[in-house]
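# Structural characterization, general
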Amino acid sequence: MNSPAPVRIYTMTWVALLALLATTFGLAHLDLGAMSPVASLAIATVKAVLVAVFFMHLRRASALVVLFALVAIFGLAILFTLSGADYATREIHAAPWTAPEGH
Amino acid sequence: MSASVHAIDPRTWRSETASLAMWVFLATELMFFGALFLAYLYVRSHDPGGVAAASRHTHEWLGTLNTAILLTSSFTMALAVRGSQLGQRESVRRFLWITAALGTAFLAVKGIEYAKEWDEGVVPGLHFTVAEHVRATALFFYLYFVATGVHAVHLAIGVVTVLWQSWRLRAPALPPWRVDEIDVTGLYWHFVDAIWVFLYPLFYLVDLHG
């Protein structure tokens, strides 16, 4: 590790994280319809990026470490996309042991 | 190229290796939690109304308090890592203690929530008395207990590790490998924090308006 970042960087990150927490909690009380989960997940993503970049110092990490972090996200995206291809296109049928209607 | 490879300072090489190894481990951890997030996505996309109704049983103030506690613990953990890089052993010990205390506070609040949820009968299979949106609520709380439970186990491991690192710093020395160990402990701690950052809106903030 080279020389560490100034305390100010960490303090600002912490303040930003708490401000985002207050924002997402406040927004959750408003009726935003379909935008509500979009907003809360967007804020969660920003928080996670702040944690990764400043607290986990990805900002100063080697290209190899950054690559591994990105591959982890990419792998998760593949998992979601391929599984989603199944779940998003499959109809749900009643299970065989469901009591048939009208009998 | 080979000349520059051999020119790497052994200390830098060791720090890099430790950091990279932890990131590889965290990548596998992301796959593990990812499966739970995918299961959640399935339940929520197939029964949004049911999930919204189920989420109203969670205690959003306690969840928000816990999020603030955990974000603050990441801040103090980052300061501990920073202190170790500057060779400030006493400062590192103090911040590690604060981090462990905040982690323990999080687990205590989580325990209070679990006790409330048991009393309210939203524990699928064991104590479940919900009458509306039964299937979605059962699935939602099953995922809630698995995800937050596994997260709590991770955090408990983090608390023990942080306390262990602090205990090992009682002797007046801060060798370079100890600095690396505190650094990767920090990476683990921040990852567990980042997982919670997603669990929080998915379980607590689904439907609070109106």
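Residues numbered from 1 in each chain as written. Chains lettered and ligands numbered in written order. Predicted model: local features only at pLDDT ≥ 70, side-chain atom pairs only at ≥ 80, totals over all residues. Heavy atoms only, no water.

### Some thoughts on the overall build of chain B
Convention followed: Secondary structure counts use DSSP, requiring at least four H or I residues in a row for a helix and at least two E residues in a row for a strand, with both numbered from the N terminus. By the convention used here, residues are in contact when the closest approach between their heavy atoms is within 4.5 Å. Residue exposure ignores everything except the shown protein chains as possible cover, and the areas themselves are Shrake-Rupley values with a 1.4 Å probe.
Each helix and strand counted, chain B has 7 helices and 2 strands in total. Reading chain B from its N terminus to its C terminus gives the helix and strand order α-α-α-α-α-β-β-α-α. By principal-axis analysis of the C-alpha atoms, chain B measures approximately 65 × 40 × 30 Å. At a minimum sequence separation of 6, the contacts of chain B that also span at least 24 residues come to 82%. About 9,200 Å² of surface is accessible on chain B, with carbon and sulfur atoms providing 69% of the total.

### Observations concerning the interface of chain A and chain B
Quite often, the size of an interface is put as the accessible area lost when its parts meet. To be explicit about the condition: Put simply, buried area is the surface a 1.4 Å probe can reach on two separate parts but cannot reach once they are joined, added for both. Here, a salt bridge means any Lys or Arg side-chain nitrogen found within 4 Å of an Asp or Glu carboxyl oxygen. For the purposes of these results, a polar contact is taken to be a pair of N or O atoms within 3.5 Å, where, inside protein, one atom must be able to donate a hydrogen and its partner to accept one; residues adjacent in sequence count only when each atom of the pair is a side-chain atom.
At the interface, 43 residues of chain A touch 47 residues of chain B. Interface area, chain A with chain B, both sides summed: about 4,100 Å², of which 79% is carbon and sulfur. Our count for the contact surface shared by chain A and chain B stands at 0 salt bridges. The interface formed by chain A and chain B includes 4 residue pairs in polar contact (both at pLDDT 80 or more). Of all the secondary-structure elements, those providing two or more residues to the side of chain A that touches chain B are α1 (7-28), α2 (35-55) and α3 (63-87) of chain A.

### Some thoughts on the pattern of salt bridges
All names here are of chain B. Test applied: For every residue, the accessible area (1.4 Å probe, protein chains only) is compared with the maximum for its type, and the residue is labelled buried under 20%, exposed over 50%, or partly exposed between those bounds.
Evaluation of the coordinates by the stated rule reveals 6 salt bridges over all chains. Taking the shortest distance from any N to any O, the salt bridge between E90 and R89 comes out at 3.5 Å. By relative accessible area, which is 47% here, E90 ends up partly exposed. Between K110 and E113 there is a salt bridge; the shortest N-O distance is 3.2 Å. Remark: E113 and K110 occur in helix α5 (residues 89-119); sequence separation between them is 3 residues, near one turn of the helix. Both residues of the pair, K110 and E113, belong to the buried class. Because the salt bridges share partners, they merge into one network encompassing R168, R178 and E181.

### A few points about the confidence of the model for chain B
Our working rule: Predictor confidence is given residue by residue as pLDDT, running from a minimum of 0 to a maximum of 100.
The pLDDT averaged across chain B works out to 94; a share of 97% of its residues lies at or above 70. Reported confidences for the modelled complex are a pTM of 0.92 and an ipTM of 0.92.

### Topic: the environment of B:E60
You can see B:E60 is positioned in helix α4 (residues 60-85). Those residues in contact with B:E60, other than ones at most four positions away along the chain, are A:F25, B:Y204 and B:L208.

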